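# Examination of the molecular architecture
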Amino acid sequence: MKTTGWLFDLYPLGDRMVLWFITASGQRLRLEDDFPYCLYLGGPQARLQPLARILGQKGWLRRAYLSRGRDLWTGREIPVVALEVKAYGFLPRVRQWLGTLPAEVAAYNCDLDIAAAYLYTRGYWPCAWYELQAEDGRLLHLEPMEDAFALEFSVPPLNTLFLSLTRDRLIPLGAGNGLAVGWEDRTLELEAPDAPGLVRELARWLKSADPDLVLSDWGDDAIIPTVWRWSREYGAPLPLDREANPVPRRFSRGRSYFSYGRIVYQGSSAPFAGRWHLDRRNSFYYRESGLMGLIQIARIGQMPLQQAARSSPGTLITSMQLARAVADGILIPWRKAEPEHFKTAAELLTIDKGGLTFMPPIGLHTQVAEVDFASMYPTIMAIHNISPETVNCSCCLGEGAKGGKAVASSQWPVVSTSLTGDHCLPLVLPSIPVGATRRVAPDWPSSCNDLVPEAGYRLCHRREGLVPRTLRPILALREQLKARAKELPPEEAAPYKQRQTALKWMLVTCFGYLGYKNARFGKIEAHEAVTAYGRDKLLCAKETFEAAGFTVLHGLTDCLWVQKPGWDCRRGGPACPPSGEQTQGCAPTRGNSLSLTATQYEAELEDLCAKVFRITGVKLALEGVYRWIYFMASKQDPKRPVATRYFGVFEDGSLKVRGLMCRRRDTPPFVRRAQEAMLAKMALAATPRELAALRPSLEEMAQGFRQCLREGGINPQELVITRVLSQPLADYKVDTPTALAARQLEAAGIHIQPGEKVRYVHREGKKGPKECRVAAAPFLETLDGYDTTIYLELIERAMAEVMLPLREY
DNA sequence: TGCCAGTAAAG
DNA sequence: CTGCCTACTGGCA
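In this report, we go over the structure that sits alongside the text. Note that the structure is a prediction, hence the values are computed from the model and not measured. (Residues numbered from 1 in each chain as written. Chains lettered and ligands numbered in written order. Predicted model: local features only at pLDDT ≥ 70, side-chain atom pairs only at ≥ 80, totals over all residues. Heavy atoms only, no water.)

### Re the overall build of chain A
To be explicit about the condition: Each helix is a run of H or I in the DSSP string that is no shorter than four residues. Each strand is a run of E no shorter than two, and both are numbered from the N terminus. Here's how the labels work: a residue is buried when its accessible area is under 20% of the maximum for its type, exposed when over 50%, partly exposed in between, all with a 1.4 Å probe on protein chains only. Pairs of residues are marked as contacts when any of their non-hydrogen atoms sit within 4.5 Å. Calculation of accessible area relied on Shrake-Rupley with a 1.4 Å probe; when residues are assessed, cover is drawn exclusively from the protein chains displayed.
When helices and strands are tallied, chain A shows 21 helices and 27 strands. Counting all 809 residues of chain A, 55% fall into the buried class. If you take every contact in chain A between residues at least 6 apart in sequence, the share linking residues at least 24 apart comes to 70%. For chain A, the exposed surface amounts to about 35,300 Å²; the carbon and sulfur share of it is 53%.

Structure, rendered in structure tokens:
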């Protein structure tokens, strides 16, 4: 049988993979494909043969044979023994045994996810169209009809069943909470007298609808584990899977883990076999980028979609790197091999600095433009060939600087950290086959490309690293998606935006992962190299703008706020407000710059952006010109500016707000909306004078909000504060509202894990008994009132923040 | 007033 | 796939 099909779902079963296709004619097709899991052993030849024999005798192997693979760190081909495991069920035992091997024997490719390993080695990816050939339910041949990184792709229509709870997810199903299903624009609560009845009702829906996609809210953590337990307890069959054979279903507990210095909670997962279950509330990527974003990352990450949905960006980018490695014949180390090189305290001070910041002048400013580097860190990794194995690589050792010190040699001069001159053109490495030895062309301006600024690390010029090879196609596709979204009308642009957003998160995380001690493809020196180049490039941008007569007001990692006094903003009013604090940014205009029009201003900015791009190799884009922008002072020391709190209005009337209360997730909705309403009003002002003129009406608005709070009668939901439990409840030393609320839930039998959200309303003053201070959601129905004082304080603070620019005129 | 614990933002 | 750095608040000595 020959047909075309869309690879929908796949999972391991016994010793083979099961693949589900949706064919062009709409058929749901289940096929099996024989796939032995293969891992490798490297080390002294004499050791390997006997080891393979021992494994063979244990009956865990299908076969073992000599092979070759490439070492990640050296790029050299090495001999290995390939071991094909008889059935997937033996893998845990094999891994355990491998862990007992002496250090001279290295195990490779032994901890990959089975479905992912299948996709990597076969060169397939999910959610794509294939020409396929099959017989008796066995896959004979599969030929992709499109590219994984294609700009356009099509998705067959998916039968979708919605599943949700009728009340708060913390209320257990069956104990006051109901189950609702949605199908074809209708939603109804399932009526059943008892648990087995509910299971039968749900089973009936699954059977009759036979959905491809079950889209749920809290399905992973709350709904599916419960209904599945009932199904087993009462012997009521529940066809969650399309797979007819028994599929192991274990509901792992959710995990709490750290990411970017903050704790996050990933709930347990409940995937189905042969159809998709997506829990919207338990999927980072669904939340951030919707179904199209998910499909995008499943494709390029070569990971089954249900897994991709529940993965962190870190897992996804790692999967892409693994796929790249397998495609390039690189052996995947089991545990991270390279320790961080020793650094002196002085070196740490100069190197490990992160992003560069220029502090803004406090107060209101006009004629300010913001320029941002696009995907700065990933682009740096791509164009400078930064990868764990390319920083201070052994293959180029002796050709330049040594071991992290900028040692000058006749061949590789140390360059100044300033990039303003034209001595350093950006260089995009040609795609070098990994491992291929390639001599550097003599005309490469290699000095700055191979020596990391400040740190002086060497970068490989023989091999293109795994990370750049992985990033390059993502960067290219994201660029295309962004461009496509821009040229389309909004309603058609949405899928491209979603896909673009999904890629953004992979790119961002890729940088973070370079710095993680335990990341498989991490190396702290590579991380430092990226930030060092980043500082260099931001500095270059600053100097370029200053050389053109601009003042740089503010800078943050990859953004710059610049100003050229004198542009007449054609709305009257002085070019800049007369305020003592700001004379630095608003020096008296000299010469003829008053004749500058807005268009000329933008054109000049674009010109300079293009120039910075030519020098640095990273695209600098004009984010916009502000009608006005306000940089906030520290609350602790009003004379000191803070880098991350500002707000302003662009020429097109749109707002940009950072760091204010309305941006915080622990601000109650009522306060957030109040502040947003004030800001929306302020966005109408084109000049500081107009802004000042808004004062009476803004005061009136603020008064209205206060009044509203005093009168009471606000929906408690509007006053809910959402916070993340930062540690196990028992570890709390202070009775913060968060801890008090979590304890109330604990008392009601609801256990909150670190990283999970806690929601509460302030109920009684801070001095009252601790048990009464807050009321935890979802138990707000009985709430008799709220602490007016606390909420008035919050609203006061929110109002004060946005009223600051009015005091300037 | 200074210090600590707890929490969150922007990049 | 596992602990940036800085700002801010609230409570306590």
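### A word on the sheet that holds strand S12 (residues 186-189)
To be explicit about the condition: Being paired, for any two strands, means DSSP has found at least two bridges between them. Where helices are involved, their axes are fitted lines through C-alpha atoms of the stretch in contact, as for all axes, and angles between N-to-C directions lie from 0 to 180°.
Ordered in space as S12-S11-S10-S13-S16, the five strands form an open sheet in which the pairing is mixed. In the strand order of this sheet, the two ends are held by S12 and strand S16 (276-279), each with one partner. For this sheet, the mean angle separating the axes of adjacent strands, direction not counted, is 20°. Pairing between strand S13 (residues 213-216) and S16: four bridges, direction parallel. Bridge pairing in S16 places Leu213 opposite Trp276. Of the strands in this sheet, strand S10 (160-165), strand S11 (179-183), S13 and S16 touch helix H5 (residues 219-233), which is tilted by about 130° from S16.

### Points about the side chain of Glu370
Inspection of the secondary structure assignment puts Glu370 in strand S19 (residues 368-373). With a relative accessible area of 0%, Glu370 lands in the buried category. Beyond its immediate sequence surroundings of up to four residues, Glu370 is in contact with Cys559, Leu560, Trp561, Ala621, Leu622, Glu623, Gly624, Tyr626, Phe650 and Lys656.

### Concerning a positive patch on the surface
Rule in force here: Think of a patch as exposed residues, more than 30% relative accessible area, with no salt bridge, where like charges cluster within 9 Å and nonpolar side chains (Val, Leu, Ile, Met, Phe, Trp, Tyr) cluster within 5 Å. Any carboxyl oxygen of Asp or Glu within 4 Å of a side-chain nitrogen of Lys or Arg constitutes a salt bridge here. A positive count includes Lys and Arg, and a negative count includes Asp and Glu. His and the chain ends are not counted in either. Where a charge lies is defined by one atom per residue type, namely NZ (Lys), CZ (Arg), CG (Asp) and CD (Glu).
On the surface, Arg281, Arg287, Arg665 and Lys757 cluster together to form a positively charged patch. Relative to the helices and strands, Arg281 resides in the loop between S16 and helix H6 (284-301). The exposure class assigned to Arg281 is partly exposed, which follows from its relative accessible area of 43%.

### Observations regarding the side chain of Lys564
What counts here: N or O atoms closer than or at 3.5 Å make up a polar contact, with two conditions inside protein: a donor-capable atom paired with an acceptor-capable one, and, for residues adjacent in sequence, both atoms drawn from side chains.
By secondary structure assignment, the location of Lys564 is in the loop between strand S21 (559-563) and helix H15 (598-616). Separated by 3.1 Å, the side chain of Lys564 and the backbone oxygen of Ala548 make a polar contact. Among the polar contacts listed, one links the side chain of Lys564 to the side chain of Glu604, at a separation of 2.8 Å. Here Lys564 is in contact with Gln367, Ala548, Gly549, Phe550, Tyr601 and Glu604, once residues within four sequence places are set aside.

### Topic: the packing of helix H14 (residues 524-547) against H15
Our working rule: By the definition adopted for this analysis, an angle is roughly parallel if under 35 degrees, roughly antiparallel if over 145, roughly perpendicular if from 65 to 115, and oblique otherwise. Handedness of a helix crossing follows the sense of rotation of the near helix relative to the far helix, less than a right angle counterclockwise being left-handed and clockwise being right-handed. Ten residues, namely Ala, Val, Leu, Ile, Met, Phe, Trp, Tyr, Cys and Pro, are considered nonpolar, four, namely Asp, Glu, Lys and Arg, are considered charged, and the remaining ones, Gly among them, are considered polar.
Where H14 contacts H15, the axes come no closer than 10 Å and their chain directions differ by 140°. Our classification of the angle between H14 and H15 gives oblique. As for the relative orientation of H14 and H15, their crossing is right-handed in sense. Contacts between H14 and H15 involve Lys537, Cys540, Ala541, Thr544 and Phe545 from the former and Leu605, Leu608, Cys609, Lys611, Val612, Ile615 and Thr616 from the latter. Of the residues belonging to the contact of H14 with H15, the class tally is eight nonpolar, two polar and two charged.

### Some remarks on the pairing of S10
Across four bridges, the pairing between S10 and S13 is parallel. Each residue of the ladder has a partner; that of Leu161, found in S13, is Val214. Strand direction decides the pairing type here: S10 and S11, joined by five bridges, are antiparallel. Directly across from Leu163, in S11, lies its bridge partner Val181.

### Looking at helix H2 (residues 91-98)
Since there are 3.6 residues in each turn of an α-helix, residues three or four apart along the chain are aligned in direction. For clarity, the cut-off: The arc in question is the one spanned by the directions pointing from the helix axis to the C-beta atoms.
Along H2, the residues classified as buried are Leu91, Val94, Trp97 and Leu98. Within H2, the buried residues cover an arc of 125° as seen down the axis, which keeps them to one side. Projecting away from the buried face of H2 at angles above 90 degrees are the exposed residues Pro92 and Gln96. Buried residues along H2 sit against strand S4 (37-42), helix H1 (45-57), strand S6 (77-85), strand S7 (106-108) and helix H3 (114-122).

### Here we look at the packing of aromatic side chains
Selection rule: Whether two aromatic rings pair depends on their centres lying within 6.5 Å, for rings of Phe, Tyr and Trp, where Trp uses its six-membered ring; planes under 30 degrees apart make the pair stacked, over 60 edge-to-face, and the rest tilted. Only when the NZ of Lys or the CZ of Arg is both within 6 Å of the ring centre and within 35 degrees of the ring normal is a charge said to sit over the ring.
Following the criterion strictly, the structure yields 19 aromatic pairs and no others. On the numbers, 5.1 Å between centres and 70° between planes, the contact of Trp561 with Tyr646 is edge-to-face. Separated by 85 residues along the polypeptide, Trp561 in strand S21 and Tyr646 in strand S23 (residues 641-650) bring together distant segments of the chain. Neither Trp561 nor Tyr646 differs from the other in exposure class; each is buried. An aromatic cluster of three or more residues is present, and its members are Phe35, Tyr118, Tyr124, Trp125 and Tyr130. Directly above the ring of Trp218 sits Arg169, whose terminal nitrogen or CZ lies 4.4 Å from the centroid. One Lys or Arg, Lys619, reaches over the ring of Phe613 and ends 5.8 Å from the middle of that ring.

### Things to note about the protein's contact with DNA strand B
Stated formally: Proximity is defined per residue: any heavy atom of the residue falling within 4 Å of a molecule or strand makes that residue near it.
By nearness alone, 21 residues border DNA strand B, and Asp558, Arg663, Arg665, Ser726 and Tyr732 come closest of all. What you see for DNA strand B is that sugar and phosphate hold 100% of its atoms within 4 Å of the protein. Between a sugar or linking oxygen of DNA strand B and a side-chain N or O atom of Arg664, the distance comes to 3.3 Å. For DNA strand B, a phosphate oxygen lies 2.9 Å from a polar atom in the backbone of Val724. Broken down by secondary-structure element, the contributors of at least two residues to the surface near DNA strand B are S23 and strand S25 (721-724). For the surface near DNA strand B, a count of residues per class yields six nonpolar, six polar and nine charged.

### Describing the pairing of strand S5 (residues 61-70)
Along any regular strand the residues' side chains alternate between the sheet's two faces. Relative to S6, S5 runs antiparallel, the two being bridged by nine bridges. Bridge pairing in S6 links Leu66 to Val81.

### Some thoughts on the nonpolar core
Just so we agree on the cut-off: Only buried residues count toward a nonpolar core. Its members are Ala, Val, Leu, Ile, Met, Phe, Trp, Tyr and Cys residues joined through side-chain atoms within 4.5 Å.
With 86 residues, the main nonpolar core has Trp6, Met381, Ile386, Met506, Phe545, Leu560 and Leu605 as its most contacted residues. No other element matches the nine residues that helix H13 (residues 490-515) contributes to this core. Non-local contacts of Met381, meaning those with residues more than four positions away in its chain, are made with Ile386, Val467, Pro468, Leu471, Cys510, Phe511, Leu514 and Val530.

### Remarks on the pattern of salt bridges
Per the stated rule, a full pass over the model turns up 44 salt bridges. The residue Lys639 makes a salt bridge to Asp637 at a minimum N-O spacing of 4.0 Å. A residue is classified by how much of its surface remains accessible, and Lys639, at 67% relative accessible area, is exposed. Where Arg706 meets Glu796, a salt bridge forms, and the shortest distance between an N and an O atom there is 2.8 Å. Of the two residues, Arg706 is situated in helix H18 (residues 695-711) and Glu796 in helix H21 (residues 788-803); the sequence distance between them amounts to 90 residues. By relative accessible area, Glu796 is classed as partly exposed at 35%. Several salt bridges share partner residues, and in doing so they unite Asp15, Arg16, Arg30, Glu32 and Glu243 into one network.

### Observations concerning the sheet that holds strand S27 (residues 774-776)
Sheet architecture is open: three strands sit in the order S25-S26-S27, paired in antiparallel fashion. Pairing within the sheet leaves two strands with one partner each, and these edge strands are S25 and S27. Pairwise comparison of adjacent strand axes, ignoring direction, gives a mean angle of 40° for this sheet. Relative to strand S26 (residues 757-762), S25 runs antiparallel, the two being bridged by four bridges. If you follow Val724 over to S26, its bridge partner there is Lys757. Sheet contacts for helix H19 (residues 737-747): S25, S26 and S27; angle to S27, the most-contacted strand, approximately 45°.

### A few points about the environment of Ile223
Positionally, Ile223 belongs in helix H5. Dropping the residues within four chain positions of it, Ile223 is found in contact with Leu163, Ser164, Leu165, Leu173, Leu179, Asp217 and Trp218.

### Notes on the environment of Asn385
Relative to the elements of secondary structure, Asn385 occurs in the loop between helix H10 (376-383) and helix H11 (446-450). Residues Asn385 and Arg463, spaced 78 residues apart in sequence, show a C-alpha to C-alpha distance of 8.6 Å. Looking at Asn385, its side chain comes within polar contact range of the main-chain oxygen of Arg463, at 2.9 Å.

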